Amino acid sequence: MARLFQEPPKFHPSEWHVANKMQCASTESQKSSSERMIAESQRLVDEIEKTTQKTRNDVNKKIEQRLEEIKFWRQELDNKLEQIVNETEVLLTFKIRLEKALESCKQPLAIAQKCLLNRQSRVGIDLVHDEVEQELVKEVEVLQGVIALLERTLEQTSEQIRLNRSAKYNLEMDLKDKFTALMIDNYCASLTNNTPDVRYADNTVKIEGNFIGPEDWIDFSNINVEKADKQRNNSLSLRALIDSILSQTANDMHKQYEMVNVAFRNRVKEVRDAKHKLEILLALVMDETALQEKNIAALKKAIADKEGPVKVAQTRLEARNHRPNVELCYDTVQYRLISEVQEITNNIQRLKDTLAQAETELKGLSRRQLSLEEEIQVKANTLYIDEVLCMQMRESVCINNF
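Since the model is a prediction, treat every value here as computed from it, not as a measurement.

Caption draft 1: View of the overall build of the protein. Looking only at helices and strands, the protein features 5 helices and 0 strands. In sequence order, the secondary structure elements of the protein are arranged as α-α-α-α-α. The C-alpha radius of gyration of the protein comes to 62 Å, more than 25% above the 21 Å expected for a compact globule of 402 residues. Counting only contacts in the protein whose residues sit at least 6 apart along the sequence, the fraction spanning at least 24 positions is 89%. Within the structure as shown, the protein displays about 27500 Å² of accessible surface, and the carbon and sulfur contribution to it stands at 55%.

Here you go:
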């Protein structure tokens, strides 16, 4: 039991003093270390506060610069978008002009082809490859060439409108992204330590693979602007070309239209003059026919009128052949009677020969009359085709400079 209750060891007074000194020294040392830590901490806090504030100010400045940069590019994109939209709208009006011009070519082409078809109904010698037909063929070729050119230009215009809209789409998408970025950076600029919705966000400093550099960012918008400028310039050039094409084609069509009309007028005058000459000739032939018919009637009457004298002469001869005996003398009377019969017979034969020639001439006049009447009908048919069918139909042609 005595071992279980041993007294604790007792220290020497010197040890006690040493222990007290050591406690004081240790406390002072700890106090000094703590003071240094406090001072260091305060300095560090102040330094970090200044650094944080400086960094915050620098970040705010960078955000402001970025906002200005985004606003600048947004304004650039917005200007280009407005330009390309306006240019596309103007180009659409040019497309409508092209469509109207193309549609307006169909009627003149159909009329020119119909005129060529109508003129195939000319008959006889009038079915000639004249100047009118040459000019009509040329007019068809001109119109077909104009239609082909307008169709190609219309396709080119449609493609340019598509390219303009593609550039517009790229600008709109870029503007949309710029607007979103502007809203986000404006929100970031408005954040302070006291903003209610500030929070911790993990892994925010990690740069993902879809980040791009500032130069690439500028290049992206710059490319969109350059594409829009390029398409706008192409559109402007195309509009100038369309203006030139519409003006030139309208001039070509109108010039050829007038050439055909002049050819028609000249041809109608020529055919009318020919018809008038034929009608004069027909009148002369008909007058001559009437005279010839009178002449034939006169010849027939003359032949008939000679029947009496020849009968008288022959009767006299017959009677004198019955003279008796020596009285049957070949006297001067007998001689003249025989001569009279021969003379009258010869004259009747001459009259008959002349009658035959007159009748041949009458037949010739009849054939000539029929020929002239047929030719006049041919000319009338040609005049009807050219003057009534074709020229009146061409009056409805309207060539405008769209």
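Next comes the rest of the description.
Caption draft 2: Region of the structure containing the layout of surface pockets. Counted as a void, the largest pocket has a volume near 420 Å³. Forming the walls of the largest pocket are 14 residues, and the residues nearest its centre are Arg-56, Cys-188, Leu-191, Thr-192 and Val-198. Among the elements of the structure, α1 (13–119) and α2 (131–190) are those that each provide at least two residues to the lining of the largest pocket. Sorting elements by how many residues they give to the lining of the largest pocket places α1 first, with 4 residues. Within the lining of the largest pocket, the residues separate by chemical class into 8 nonpolar, 3 polar and 3 charged.

Caption draft 3: Spotlight on the nonpolar core. Counting residues in hydrophobic clusters, the biggest one holds 32 residues, and the most contacted among them are Leu-136, Leu-150 and Ile-242. At the level of secondary structure, the elements contributing two or more residues to this core comprise α1, α2, α3 (214–305) and α5 (332–394). Of the residues forming this core, the biggest block, 11 residues, is contributed by α1. If we skip the residues at most four places from it in the chain, Leu-150 touches Leu-98, Ala-101, Leu-102, Cys-105, Ile-245 and Leu-246. Counting 14 residues, the second largest nonpolar core, distinct from the first, contains Leu-81, Ile-84, Val-225 and Ala-228.

Caption draft 4: Structural detail: the pattern of salt bridges. Tallied over the entire structure, the rule returns 26 salt bridges. One salt bridge in this structure joins Glu-47 and Arg-43, with 2.8 Å as the shortest N-O distance. Taken as a pair, Glu-47 and Arg-43 lie in helix α1 at a separation of 4 residues, close to a single helical turn. We classify Arg-43 as partly exposed; its relative accessible area is 41%. A salt bridge links Glu-139 to Arg-394; its shortest N-O distance comes to 2.9 Å.

What counts, and at which threshold
- Residues numbered from 1 in each chain as written.
- Predicted model: local features only at pLDDT ≥ 70, side-chain atom pairs only at ≥ 80, totals over all residues.
- Heavy atoms only, no water.
- Helix = DSSP H or I, 4+ residues; strand = E, 2+ residues; numbered from the N terminus.
- Rg over C-alpha atoms; globule rule 2.2 N^0.38 Å.
- Contact = heavy atoms within 4.5 Å.
- Areas by Shrake-Rupley, 256 points an atom, 1.4 Å probe, with all protein chains shown as cover.
- 1 Å grid on protein atoms, 1.4 Å probe; cavity = no way out; pocket = protein on both sides within 12 Å on 5 of 7 lines; lining within 4 Å.
- Points joined across faces, edges and corners; volume = space filled by probe spheres on them.
- Nonpolar A, V, L, I, M, F, W, Y, C, P; charged D, E, K, R; others polar.
- Core = buried A, V, L, I, M, F, W, Y, C linked by side-chain atoms within 4.5 Å.
- Buried < 20%, exposed > 50% of the residue type's maximum accessible area, 1.4 Å probe, protein only.
- Salt bridge = Lys/Arg side-chain N within 4 Å of Asp/Glu carboxyl O.

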